[in-house]
Every structure is written in structure tokens, then in C-alpha cells.
Amino acid sequence: MGVGGVSGGSHRTRRAEAAVLGIVLLIGVVAIASIGIYLVAGQTSSEIEQRSESERVEAAFLELSANLETTAAAHDVVRSTDFDLETSHGEMRLVENGEIDVLLDNDSIFGPGEREPIPLHSLEYRAADGTTVAYQGGGVWRGSGDGSIAVSTPEAHLREESLTLPIPALDAAGHSSSGTFSMERTGSTIHHSGYVTDGPLVVAVTTPYTGGWASYFESLGLANVTVEDGTVTGELETAPAIDPGETNGGEGTSGDPVEIVNVFDRAVNIEGGLDTSTGGTITGDVVAIEDSVVQMGVDGDVIVDGDVVVSDDGGDVTGDVIASGTVTVRDSVGGDVVAGGDVIVTDETNSIGGDIVAGGDVYLDPGSVGGTVTAPGDIQLGSKINRQYDALYAGGQITPPHPFYCFGPCSNHHANDGEIDDRIHDHLGTDIATYVDGIVPEPFEPLDETIQGWIDDYEGEFVDIDEDDGPLTAGTYHVDTLSVDDEQDLVFDVGDGDIDVILSGDAYVRGNVHVENEDDGVVRFWAANDFDMNSSNMCPGVSGCRGVGDSDASVIQLYGTSSTTFTFFGEPVLHGTIYAPQGEYEDDNVVFEGDGNLRIFGAVVAGGLDSEGKLTFIYDENLADTYEVPGAPGTGAGSEEEDPAEEHESTENTIRYLHVIVSDIEVDRR
């Protein structure tokens, strides 16, 4: 029994010890687990806070990008973005860590003959864990090096062989870990705005965010994108001049190569002065290279490299009036008036819908001015002007009709203003002369040698064509005389391809010219001499001229030499284009005689335009996006040779027009 008692007591003791040990182990396991949970939870919380901070910063950068886009596009606009950062999570810096250059044929557009890149400052957030988010050059970038990506891309775009490249340039470097940043445009400069013929074009960006920029260049449409030593480059070819000189069958050449590019981007583009009778309208922009008098309504802009008078005989202009010389307004202008010389507005019933920016003096006696008046000279107010303008800024004196009469608060009159040049620069993005030069095109290349070369090189027989010879089908026709009698029709069928008519003599069209299957090709007339239309219709389609909304002005194309005159009589209708520049104005070579009504739907490039009757001109806006290089006659459809124009149209990564503007953005921390 004693043995039994001793044995039973030892067993109970061991069981008690085991229980105590189990409790101790359980407590230990729980404690270890708690510590582990605490450590894991603490690490996760820190990561979550850091990630949340980075996401908030990224959202703020997107807001910043949108604000900077608005700021770069407008003057006198201040935008702000709030970066409320935890200093333990990262810091914000404004640093100069890149540059951008645009080169044409290895010459920088920012400094011809040498490399003159534009510095790129970045507003950069660098988190404690090494994460980087930055704004640079119009885009928001996450990460650095090859691993960086674009959160939002810059506002550049490449469309219809036209590259628009806005560059927001932030101001000097600074440092801040938090706060609200304000942005204000302090100026802008247009470094290039026009056609490009020298190539290739290269865009190069030196940046810490190479991967993002490289991907963006590729998505933009640049070719041969490379990254080397922190610089991303991409290329665009400028399409070469095409020689349309080969005659049908490829026999010989015909004159020098000729290039016709985007010339129909405005309704009327003439090398002389605009000279029209009173009445009539032009719907579209008008460009003239010499002094002009506008005596008809223009539903668009009027751009003159010289003096311009907006006549009170129906000379209403709905858009801007821009001239290198003096602008005299005797009717109304719906937009801005920009003049390299003086601005004179003389009638109380008139109004200027926008601003007036002059290079000389300003005399005002209109009903109202919708915006501000800025001039480095004097501003004189006539007795009839109403107090309807925002402000007057003069480098000289401001003279009201009575010394004690300011037409409202005199605080809006700023005479002897020392910031006139800056105000003009802010308004136009540059000085007046550069602004006008960037809008007025260079003289276009005449076709004299080209057309005459085709005629001289042709060894076959020139034929006469009249209405009995239709319908004419795809191919090239060497023609001595083209004639269509009254109430007769000459039909061209382009169902199998384009038709070229090379005219060594004159054309007399008194009947109608129509084009069948106009969706499949075009008809081009190359006139070495005169081309007359008398109460005739020249339109796509065979059932008469349709409404302008259903027509295509690119189907019928009239080309002439510098001595060709296109003359219209009676009640003619043309749905087509005319290209007959003289290089330098000699005389008016698009002429409307008589007191009838000429209706044109399309566009005109010529030495000069003279209208005695009523002209109704409507611009075909589809021509603005049309690249037109006439192929050599006989090298289009219906020939075994390839049409150079078609070859070009299918070419990618090609540029014809370049617009680069650098906006200076001042960034301050509040």
C-alpha cells in the first residue's frame, strides 16, 4: 500500500509539472506570435503610409500638369497646386536635370549653326524609399532611368505631317519639402512656326526619366528612338522634293523638281494685293503679300504683308486683321487687330471685338473695343468713342478729346508705360515683326519650267479636245486647245485612275466640265497659257454642281504658270483649286470680269485676285489637311510606274510643318 501510495503521488506530481510547463510554453508562443504580428503589422502600416503618400503626390502632379497646361496657354493666369507632404516620407525639389533640343539638318532651331538646347527643370518628389515622381517637359514621370514610365504625357502631337511641340520651361532651381506651389506664365517664344524642308528633324531630350520619354517618343510617332548617356532622341523625315518631270512612258525630264505642299491651308493666298469689287463674301482666311483693300465680307482672318484698309463698302471681317504695316478700319472687325505700323479706326458705328496691338500709334474713334489697346507710340481717342475698352497701354501719351475726360476710370489709362514690349510679347508670344513673319507664308514656287518642260520634252502630237471626245479616262493627254461649247458637257471618268491634261494652248470652257467616279481619282489641268470659263460649271459628279457640303474641291485641280490667267465671265461655278503663283507679284492672274456672280468652292494660290462682279467664295476646309504633290503625268493609275505622291502618302514618320513654342513658367512656393 505504501508502495502504491508512493507511486500514485509521483504520477500526480509529473502531471502537475507538465501542466505548468504547457502553460509556460503557451504563454511563450503567444508572446512570440504577438511580437511577430506587431512587427509585421508595423512594417505593413509603414508601407501603406508610404504608398498612400506616393499616390497622393502622383495625383497632385497630375493636377499640376493640368494647371501648367492652362498656365502655358494663357497669360495673366496664376494656378496653384497643394503638396501637403510628410517630411519623413520624402522631399520635393525644383531641379535642373535635363534639356531639350530640336534640330533640323543638324542645326538647332534654338540657335542656328550650333547646339543651343532649352534647359528643362523638374519638379521632383523623391520618397524615403527611393520612389520618384516628377513633372518635366509637360509630362509626369514615375521612376527613373530605363525603368521610368509616363503617368501623363506632354501635350505634343503629330497629325497630318504637322508636329506641334509646346515646351513649358520652369524657372530656377529651389528646394521645398512641402507647401503650395503657384505657377504663372511670364512669357513665351515661338522658335519655329512654318514648313520644314531641311531634314531630318531630330528631337533630343536629356533626362533622368529616359524610359518614359523613350516610350512617349515611340507613341508620338518618332522613328529611330534611341537612349544613350541619358539622352533620348527620335527622328522625323522631311519629305523630299519630288520630281514630277518624267513624261508618260518615262521619256526625258521636264524642268526642275517642283514641290507643292499644304498650300491650300487658307481660302485665298495671293502674292499681290487683294483687289475686289464691293459686295460678295469670302468664307475662309485671306493672305495677301502686298497692300490690300478689303471691300467684301471676310468670314475669317485677313493677313497682309503690307498696309490694309477694311473698307466701309462691305468690308466686314469676322476674324483677326494682321498686317506688317498700317491697319485702317472703316468697318467692323470681330477679332484682334495686330499691326506692325499704326492702327486707325475711324467710324463710331464700328467695333473691334478683340484686342488692338500696334507697332506705332493708335487713333480710336469706334463704337467699342472688346479688349485692351497696346502700342509703343501714342494713343489718341476721338470724340465719338464710347467707354468700352478694358485698358489702354501706351509707350507714349494717351490723349482724350478733352484733358479732363477719361471715358471712365483714368486708372485704365497707362501712358508712358515702360513695359510695352513685354506686354506685346506676352500677347503674341514674340515681337510683332516675328509674329507676322511666322504667319505670312514664303513665296510659292512657280510652275513655269515644270509645265513648259513637259511640253518641250513631249515628242508626240498635241491634240484638240472638245465635248465630243468625252468621256476621257485615266491617263495623260497632251492638248493644244481645250474647248467646251455652250450647254455642252465634257466628262472625265477617273474610275480607273487620275487624269492629267497638259495644255500647250488655251482653254475655252463655255459649257460644263464634270467628273465621274470622283471618289476614285482627280483631274489635273496644267495650263501654259490662258484658261477661260464663261458661265460654265466645273464640278465633281455628272448631275450638276451639288451643295458645297457634299462636294470635294480636291477632285478638280487647275495649275498654271506665272503668265497663265484664269478668267471667269458671267455666272460660273468652280468646285476646285487653282495654283498659279508668280514667285513675285506681276499682275492679277485670277480675274472675274463683268457684273455677274462667280461662285468658287475650294482654294486659290495665285499672283493676284481681281473681282469686278460679285464673288461668293467658300473655302473647302478639308483642303487644310491635304498633302498635295502632283505626280508626273502618266505615273499615276493606268501607268506601270509608281506615283511618287502615292508613295509619299503611305510614308510614316514624315513631317511637313513644325510649330515649337517655349512658355516660361514661374513656379513659386507659398
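Not measured: the values here are computed from a predicted model. (Residues numbered from 1 in each chain as written. Predicted model: local features only at pLDDT ≥ 70, side-chain atom pairs only at ≥ 80, totals over all residues. Heavy atoms only, no water.)

Another point: the overall build of the protein chain. Secondary structure assignment for the protein chain yields 6 helices and 53 strands. Here the protein chain holds 670 residues, and 50% of them are scored as buried. Within the protein chain, counting contacts between residues at least 6 apart in sequence, those at least 24 apart form 54% of the total. As presented, the protein chain carries roughly 28800 Å² of accessible surface, and 45% of it is formed by carbon and sulfur atoms. (Helix = DSSP H or I, 4+ residues; strand = E, 2+ residues; numbered from the N terminus. Buried < 20%, exposed > 50% of the residue type's maximum accessible area, 1.4 Å probe, protein only. Contact = heavy atoms within 4.5 Å. Areas by Shrake-Rupley, 256 points an atom, 1.4 Å probe, with all protein chains shown as cover.)

Let us look at a negative patch on the surface. Together, D464, D468, D469, D480, D485, D486 and E487 line one region of the surface with negative charge. As for its placement among the helices and strands, D485 is situated in the loop between β37 (475-484) and β38 (489-493). (Patch = residues over 30% accessible without salt bridge, like charges linked within 9 Å, V, L, I, M, F, W, Y side chains within 5 Å. Salt bridge = Lys/Arg side-chain N within 4 Å of Asp/Glu carboxyl O. Lys, Arg positive; Asp, Glu negative; His and termini not counted. Charge placed at Lys NZ, Arg CZ, Asp CG, Glu CD.)

Ranked by size, the top nonpolar core spans 94 residues in total, and within it F525 and F531 carry the most contacts. Element by element, the count of residues in this core is highest for strand β49 (residues 597-606), at 7 residues. Not counting chain neighbours up to four residues away, the residues in contact with F525 comprise L482, F492, V501, V513, F531, M538, I556, Q557, L558 and Y559. In this structure, F110, I118, L201 and I655 belong to the second largest nonpolar core, which totals 32 residues. (Core = buried A, V, L, I, M, F, W, Y, C linked by side-chain atoms within 4.5 Å.)

Further remarks concern the pairing of strand β51 (residues 614-619). Side chains of β51 alternate between two faces, with L615, F617 and Y619 buried and K614, T616 and I618 left unburied. Alignment of strand β17 (residues 281-283) against β51, held across 3 bridges, turns out to be parallel. Bridging across to β51, T281 finds its partner in T616. Across 6 bridges, β49 lies against β51 in parallel orientation. Its bridge partner being in β51, R599 is matched across the sheet by T616. (Pairing = 2+ DSSP bridges.)

Looking now at the pairing of strand β45 (residues 556-560). The element β45 is largely enclosed, with a buried count of 5 among its 5 residues. Burial along β45 is two-sided: the face carrying I556, L558 and G560 and the face carrying Q557 and Y559 are both buried.

Applying the stated criterion across every chain yields a total of 6 salt bridges. Across the pair E419 and R423 runs a salt bridge, and its minimum N-O distance is 3.7 Å. On the basis of relative accessible area, R423 is assigned to the partly exposed category, the value being 28%. Linking D498 and R524 is a salt bridge whose minimum nitrogen-to-oxygen distance equals 3.6 Å. Of this pair, D498 sits in the loop between β38 and β39 (499-503) while R524 is found in strand β42 (residues 523-527), placing the two residues 26 residues apart along the sequence. Each member of the pair, D498 together with R524, is buried. One network of salt bridges, in which partners are shared, links R93, E124 and R126.

Turning to the packing of aromatic side chains, a few remarks are in order. One pass over the full model with this rule turns up 13 aromatic pairs. Between W454 and W526, the aromatic rings sit 4.7 Å apart at their centres with planes inclined by 85 degrees, giving edge-to-face as the arrangement. With W454 in helix α5 (residues 448-457) and W526 in strand β42, this residue pair connects regions lying 72 residues apart in the sequence. Residue class for W454 comes out buried when judged on its relative accessible area of 0%. Between F525 and F531, the ring centres sit 5.8 Å apart and the planes meet at 75 degrees, which makes this aromatic pair edge-to-face. Pair check on accessibility: F525 and F531 agree, each one buried. Through pairs of rings, three or more aromatic residues link up here, namely F264, F444, W454, W526, Y559 and Y579. (Phe/Tyr/Trp six-rings, centres within 6.5 Å; stacked < 30°, edge-to-face > 60°.)

So, about empty space enclosed by the protein. For the structure shown, the criterion picks out 2 cavities of 30 Å³ or more. Taken as a whole, the largest cavity holds about 120 Å³ of empty space. Considering the residues around the largest cavity, the lining is formed by 17 residues, among which I100, A156, L165, W213 and F217 are closest to the centre. Within the residue set of the lining of the largest cavity, elements represented by two or more residues are β9 (162-170), β12 (201-206) and α2 (210-220). Per-element accounting of the lining of the largest cavity gives the leading share, 5 residues, to β9. A class-by-class count of the residues in the lining of the largest cavity yields 16 nonpolar, 1 polar and no charged. (1 Å grid on protein atoms, 1.4 Å probe; cavity = no way out; pocket = protein on both sides within 12 Å on 5 of 7 lines; lining within 4 Å. Points joined across faces, edges and corners; volume = space filled by probe spheres on them. Nonpolar A, V, L, I, M, F, W, Y, C, P; charged D, E, K, R; others polar.)

When you tally the buried positions in α2, you get 8 out of 11 residues, the bulk of the element. What α2 keeps buried is the set T210, G211, G212, W213, A214, Y216, F217 and L220. In the stretch just after α2, G221 is the one whose phi turns positive, near 115 degrees.

Moving on to helix α3 (residues 420-428). Given 3.6 residues per helical turn, the α-helix brings residues three or four places apart onto the same face. Among the residues of α3, those classed as buried are I420, I424 and L428. Angular distribution of buried residues about the axis of α3 spans 55 degrees; they occupy a single face of the element. (Arc of directions from axis to C-beta.)

In this section: the side chain of N512. Structurally, N512 can be placed in strand β41 (residues 512-516). A polar side-chain atom of N512 sits 3.1 Å from a polar atom in the side chain of D489. (Polar contact = N/O pair within 3.5 Å; in protein donor to acceptor, adjacent residues only side chain to side chain.)

Time to look at unusual backbone geometry. Non-glycine residue N224 carries a positive phi angle of around 50 degrees. Of note, N416 is a non-glycine position whose phi angle comes to about 50 degrees, a positive value. Tracing the chain through its elements places N416 in the loop between β35 (413-414) and α3.

Summarising the model, the protein chain shows a mean pLDDT of 77, and 72% of its residues fall at 70 or more. Contacts for the low-pLDDT stretch residues 1-21, under 50 throughout, to residues beyond four places or in other chains number 0 contacts. In this model residues 23-43 is a low-confidence stretch, pLDDT under 50, and it forms 0 contacts with partners more than four residues away in sequence or in other chains. (pLDDT = per-residue confidence, 0-100.)

This part is about the environment of D552. Note that D552 resides in the loop between β44 (537-540) and β45. We classify D552 as partly exposed; its relative accessible area is 33%. Separated by 69 residues in the primary sequence, D552 and E621 have C-alpha atoms spaced 9.9 Å apart. Discounting chain neighbours no more than four positions away, the residues touching D552 are P540, F601 and D620. Reaching out from D552, the side chain makes a polar contact with the side chain of S554 at a distance of 2.8 Å.

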